Amino acid sequence: MDADGGACEECRNKQLALTCCRVGLRRSRRTPHRTDGDGTDHISALPDDLRLKIVSDLGCVRAASNMSLLSRTWRGLWRRLPELDFHYTCPDQLIAALDQVAAARAEGEGSPLTSGSLNIYLPFHHRLSAARISSILRAAAPVAPAKLDFSLFMDEDADNSAGIELPGFDCTTSIKLSFAPLETTLHPTGHFAKLETMSLIFCQIDLSDLLPRCPTLRKLKAYCWPLTLLKVHSASLQELKVYTHSDLRAIDIATPLLKKFKFGSDEGTENEFSLSFSAPLLDDVSWRWWCLSSFGALWRLWSLKIKTVKHHGPTHLTSNGEGSCLQLQQRPHDKILLLKIGKSRYARNLSRSFGQDISRVPVRSFSILELDIIATGRHVYGAVVLEALRFCTSIQRLKITLNRLQERKRRGTCHASCPCDQPRNWRSRSITLTNLKEVEVDGFSGEDHEVDLLKVIFRSMTMLEELTTNFPTNVSPECSSAYEELRSILNAHRSMKFNIYQWVDVQESSMDESELDSQIVLDTSSDESDG
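Just so it is clear, the structure is predicted and the values come from calculations on it, not from any experiment. Throughout, a residue's number is its position along its own chain's written sequence, starting from 1. A pLDDT threshold of at least 70 governs which residues receive local features in this predicted model, and a stricter bar of 80 or more applies before side-chain atom pairs are shown or counted, although totals over entire chains, interfaces and linings include all residues. Processing note: side-chain calculations cover all non-hydrogen atoms of the structure and skip hydrogens and water entirely.

Asks: Residue-level account of the overall build of the protein chain, with values.
Replies: To qualify as a helix, a DSSP run of H or I must reach at least 4 residues; to qualify as a strand, a run of E must reach at least 2; elements of each kind are numbered from the N terminus. Helix and strand counts for the protein chain stand at 11 helices and 24 strands. Throughout, exposure labels follow a simple rule: accessible area from a 1.4 Å probe, protein chains only, divided by the maximum for the residue type, with under 20% read as buried, over 50% as exposed, and the rest as partly exposed. In the protein chain, buried positions account for 47% of the 531 residues. Pairs at least 24 residues apart make up 61% of the contacts formed inside the protein chain by residues separated by at least 6 positions. Surface accessibility in these figures is a Shrake-Rupley result with a 1.4 Å probe; residues are shielded only by whichever protein chains are displayed. Roughly 25,900 Å² of accessible area belongs to the protein chain as shown, and the carbon and sulfur atoms make up 47% of that amount. Contacts were defined at the residue level, with two residues in contact if any of their heavy atoms lie within 4.5 Å.

Asks: Outline the sheet that holds strand E4 (residues 164–166), supporting the account with residue identities and numerical values.
Replies: Two strands qualify as a pair provided that DSSP identifies no fewer than 2 bridges between them. Ordered by their spatial adjacency, three strands build an open sheet running E4-E6-E8, and the pairing between neighbours is parallel. The two strands at the open ends of the sheet, each matched to only one other strand, are E4 and strand E8 (203–204). With two bridges joining them, strand E6 (residues 184–188) and E8 adopt parallel strand pairing. Residue pairing for E8: Thr184 is matched across the bridge by Cys203.

Asks: Explain the confidence of the model for the protein chain residue by residue, including any values.
Replies: For residues with low pLDDT, the predicted coordinates do not support detailed interpretation. pLDDT gives the predictor's per-residue confidence on a scale running from 0 to 100. In this model, the protein chain carries a mean pLDDT of 81, and residues with pLDDT of at least 70 account for 78%. When the criterion is pLDDT under 50, residues 27–31 qualifies, and its contacts beyond four places in sequence or with other chains add up to three contacts. Counting interchain partners and residues more than four positions distant, the pLDDT-below-50 stretch residues 408–412 has 13 contacts.

Asks: A description of the pairing of E6 should follow, citing residues and the corresponding values.
Replies: Side-chain alternation along E6 places Thr184, Leu186 and Pro188 on a buried face and Thr185 and His187 on a face that remains uncovered. Sheet topology note: the E4/E6 ladder contains three bridges and is parallel. Within E6, the residue paired with Leu166 across the bridge is Pro188.

Asks: Describe the environment of Gln15, with residues and values.
Replies: By the element assignment, Gln15 lies in helix H1 (residues 9–17). Taking the C-alpha atoms as reference, Gln15 lies 9.1 Å from Arg62; in sequence the two are 47 residues apart.

Asks: Can you explain the sheet that holds strand E10 (residues 229–233)? Please cite residues and give values.
Replies: Reading across from one edge, E10-E12-E14 is the order of the three strands in this open sheet, with parallel pairing throughout. With partners counted over all chains shown, the strands left at the sheet margins are E10 and strand E14 (269–278), one partner each. Within the sheet, the average angular offset between the axes of one strand and its neighbour, ignoring direction, is 5°. Note: E10 against strand E12 (residues 248–254), five bridges, orientation parallel. The axes used here are C-alpha line fits, helices contributing only the stretch in contact, and every angle between their N-to-C directions lies in the interval 0 to 180 degrees.

Asks: Could you give an account of the pattern of salt bridges, naming the residues involved and the relevant values?
Replies: Any carboxyl oxygen of Asp or Glu that lies within 4 Å of a side-chain nitrogen of Lys or Arg is treated as forming a salt bridge with it. Here the structure, examined in full by the defined rule, presents 12 salt bridges. In this structure, the salt-bridge partner of Glu196 is Arg218, at a minimum N-O distance of 3.4 Å. Of this pair, Glu196 sits in the loop between E6 and strand E7 (197–201) while Arg218 sits in the loop between helix H6 (207–210) and strand E9 (219–223); the two residues are 22 residues apart in sequence, bridging distant segments of the chain. Arg218 sits in the partly exposed class, given a relative accessible area of 29%.

Asks: I'd like to hear about a negative patch on the surface, residue by residue, with values.
Replies: Patch definition: residues above 30% relative accessible area lacking any salt bridge, with like charges linked at up to 9 Å and the nonpolar side chains Val, Leu, Ile, Met, Phe, Trp and Tyr linked at up to 5 Å. In this tally Asp and Glu are treated as negative and Lys and Arg as positive; neither His nor the chain ends contributes. Where a charge sits is defined by one atom per residue type, namely NZ (Lys), CZ (Arg), CG (Asp) or CD (Glu). A surface patch of negative charge is lined by Asp247, Glu267, Glu270 and Glu272. Secondary-structure assignment places Glu272 in strand E14. Accessibility expressed as a relative area gives 69% for Glu272, which makes it exposed.

Asks: If you had to explain the pairing of strand E15 (residues 284–295) to someone new, which residues and values would you point to?
Replies: Put simply, side chains in a regular strand alternate between the two faces of the sheet. As paired strands, strand E13 (residues 260–265) and E15 are joined by five bridges and run parallel to one another. Within E15, the position partnered with Lys260 by the bridge is Asp284. Sheet topology places E15 next to strand E18 (residues 352–353); two bridges connect them, and they run parallel. Across the sheet, residue Ser293 finds its bridge partner in E18, namely Arg352.

Asks: Summarise the packing of aromatic side chains; cite the residues concerned and give the values.
Replies: Each Phe, Tyr or Trp ring (for Trp, its six-membered ring) is paired with any other whose centre lies within 6.5 Å, and the angle between the two planes then decides the class: stacked below 30 degrees, edge-to-face above 60, tilted in between. Counting across every chain of the model gives 12 aromatic pairs. Ring geometry for Phe295 versus Phe354: centroids 6.3 Å apart, planes at 50°, classification tilted. Residue Phe295 is located in strand E15, and its partner Phe354 is located in helix H7 (residues 354–358); the two are separated by 59 residues in the primary sequence. Note on accessibility: Phe295 and Phe354 belong to one class, buried. The structure contains a cluster of three or more aromatic residues connected by ring pairs, namely Phe261, Phe263, Phe273, Phe277, Trp287 and Trp289.

Asks: Talk me through the side chain of Ser134; I want residue IDs and the actual numbers.
Replies: For Ser134, the position within the fold is in helix H5 (residues 130–140). Accessibility expressed as a relative area gives 4% for Ser134, which makes it buried. Whenever a nitrogen or oxygen atom comes within 3.5 Å of another N or O atom, the pair is scored as a polar contact, on the condition that within protein one atom can donate a hydrogen and the other can accept it, and that pairs from neighbouring residues in sequence are kept only if both atoms are in side chains. A polar contact is formed between the side chain of Ser134 and the backbone nitrogen of Glu165, at a distance of 2.9 Å. When neighbours within four sequence positions are excluded, Ser134 is seen to be in contact with Gly163, Ile164 and Glu165.

Asks: Describe unusual backbone geometry, with residues and values.
Replies: Residue Pro181 follows Ala180 across a cis peptide bond; omega there is -5°. When you line up the elements, Pro181 lands in the loop between strand E5 (174–180) and E6. Pro423 follows Gln422 through a cis peptide bond whose omega is -10°. At Ala144, a residue that is not glycine, the phi angle is positive and equals roughly 55°. Looking at the element boundaries, Ala144 is found in the loop between H5 and strand E3 (147–153). Exposure remark for Ala144: the relative accessible area of 15% places this residue in the buried category. In this structure, Phe202 is a non-glycine residue whose phi angle is positive, near 60°. Locating Phe202 in the fold gives a position in the loop between E7 and E8.

This is the structure we're talking about:
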């Protein structure tokens with residue numbers, strides 16, 4: 001690998017800007033190598049291990065190869081580097097360098113990079129075809145690095161229909177591949193006997209073909225699109241992260257050791273969708289996708305998210321016979337279901353129900369339900385809340401956040417013919433919520449239908465301990481009658497804690513704090529002090 005031979009002008013300019021790469025690059029004036037007064041080259045006389053340590057600290061293959069300008073004894077030393085970092089290198093130069101390293105390994109010069117790495121980054125101006133990328137990967141495979149980080153850019157104008165060939169890396173434990181900006185098909189052709197961690201970005205791959213080739217894989221991250229079928233069968237996988245842009249038609253996961261699963265999609269699922277999920281040890285799940293389901297003629301479920309909240313209990317003293325130590329007690333993780341619900345003029349045209357979209361996730365029991373309701377004006381939302389609760393009857397906490405985009409100054413609901421209040425018999429319904437202990441309504445404005453919803457929830461629960469209502473800053477003064485309604489509920493549930501917060505200007509507040517029951521907390525902080 002020459003000092004700067006074969007480098008394009010853009011690569012050379014980048015190299016000159018980097019401290020490591022510009023070592024040894026040709027200048028207009030060259031300074032001859034100096035020796036001591038006795039003519040002895042003490043630097044070149046250093047032991048091989050020490051000279052290898054010097055070139056390793058340069059942090060770049062180019063800089064290490066340029067050390068041959070000092071003396072012939074430094075020539076080829078870069079081929080024995082435990083960490084090979086290629087910065088701004090032309091493809092032809094890169095393949096030639098990889099061939100030299102592989103040849104040196106085959107001849108017994110140095111040892112395979114069992115604890116080293118191979119990091120390759122080709123800049124945007126070197127956009128490559130799928131065939132060219134395959135040739136670089138084939139050149140990298142005999143190097144046998146412990147870690148491979150391979151990042152480059154695809155040529156969008158080239159014929160990439162054949163995809164990229166991924167050869168086997170038998171000694172590699174970690175692989176990271178990125179082929180921006182195209183979603184190119186990746187074809188594994190070899191095996192990955194020791195692979196433990198893999199990250200695939202901007203590629204499309206058949207995981208059912210890849211995973212049997214990776215018997216020790218523990219962590220997999222895949223940013224794949226399009227992806228219509230997510231099939232993951234692995235006896236070793238413990239962490240899985242998948243992100244896609246496409247509608248899924250099926251999810252088939254069988255992973256007996258999987259503990260952490262993160263899934264995200266900018267789309268959702270096809271109407272004909274199937275789910276098969278087996279992961280008995282799963283305790284940390286994150287899920288997000290768009291939904292195409294409706295309730296009535298107004299409400300649409302826009303998105304669904306699942307989060308896992310980890311808890312640590314109090315510390316306790318343990319003893320192993322040799323000594324004692326404090327350990328954190330693990331508590332069960334809470335699964336949170338977040339539903340974003342809003343008004344849609346096309347709701348009546350959607351064929352799926354809320355329950356169908358909720359049933360398409362791998363979690364069946366949730367501790368917390370959070371409803372983010374987006375609506376213009378003062379729509380009646382009691383019916384749609386009860387519809388969501390029908391599928392989450394085991395929750396312990398319910399939070400409703402009301403995001404009203406256009407509030408009317410006058411108090412009252414929307415027009416009489418609005419379908420938001422359908423079916424009208426929701427006020428007489430009853431849902432079994434035996435585990436519900438805490439309810440919070442953020443944006444509660446004291447409308448009659450909001451109080452009606454609280455009454456239905458109170459009628460449905462058996463263990464409710466705390467109710468929190470947060471009034472918005474622009475709530476109508478007429479909403480003070482809601483306090484009377486809440487007081488009647490309080491009198492009927494004396495053992496319950498009520499938190500009522502109203503962010504109003506203290507000077508304009510006409511409410512007497514002393515008139516409220518001692519169990520009600522009224523916060524009258526001014527808007528300015530709230531920030």
